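What follows is the residue order along each chain.
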Amino acid sequence: MSTHNPTTAPAGATALPGRHRNPIAAAVRNLGIVLDTAARVIFLGRDGVRY
């Protein structure tokens, strides 16, 4: 029998213990997401954003 405590979050929704992203890397990733979204709106119009 397992002693694992189930959580309400789906698998992969939270970081594993001891594994945290570098804050600078997280900021660069977030900036990339913003720039990608802005480029989609500019080049494809609002129909190009499918979130």
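Residues numbered from 1 in each chain as written. Predicted model: local features only at pLDDT ≥ 70, side-chain atom pairs only at ≥ 80, totals over all residues. Heavy atoms only, no water.

**Things to note about the environment of Arg 40**
Thinking step 1. Inspection of the secondary structure assignment puts Arg 40 in helix 1 (residues 23-44).
Thinking step 2. In this structure the side chain of Arg 40 is engaged in a polar contact, spanning 2.9 Å, whose partner is the side chain of Asp 36. (Helix = DSSP H or I, 4+ residues; strand = E, 2+ residues; numbered from the N terminus. Polar contact = N/O pair within 3.5 Å; in protein donor to acceptor, adjacent residues only side chain to side chain.)

**Here's the deal with a nonpolar patch on the surface**
Thinking step 1. Together, Ile 42, Phe 43 and Leu 44 make up an exposed nonpolar region whose accessible area comes to about 410 Å².
Thinking step 2. Owing to a relative accessible area of 55%, Leu 44 belongs among the exposed residues under this scheme. (Patch = residues over 30% accessible without salt bridge, like charges linked within 9 Å, V, L, I, M, F, W, Y side chains within 5 Å. Areas by Shrake-Rupley, 256 points an atom, 1.4 Å probe, with all protein chains shown as cover. Salt bridge = Lys/Arg side-chain N within 4 Å of Asp/Glu carboxyl O. Buried < 20%, exposed > 50% of the residue type's maximum accessible area, 1.4 Å probe, protein only.)

**Examining the pattern of salt bridges**
If charged atoms from side chains of opposite charge come close, those side chains can pair.
Thinking step 1. The full count for this structure, using the stated rule, is 1 salt bridge.
Thinking step 2. The closest approach of N and O atoms between Arg 40 and Asp 36, which form a salt bridge, is 2.9 Å. Taken together, the positions of Arg 40 and Asp 36, both in helix 1 and 4 residues apart, correspond to about one turn of that helix.

Shape descriptors only; they carry no functional weight alone.
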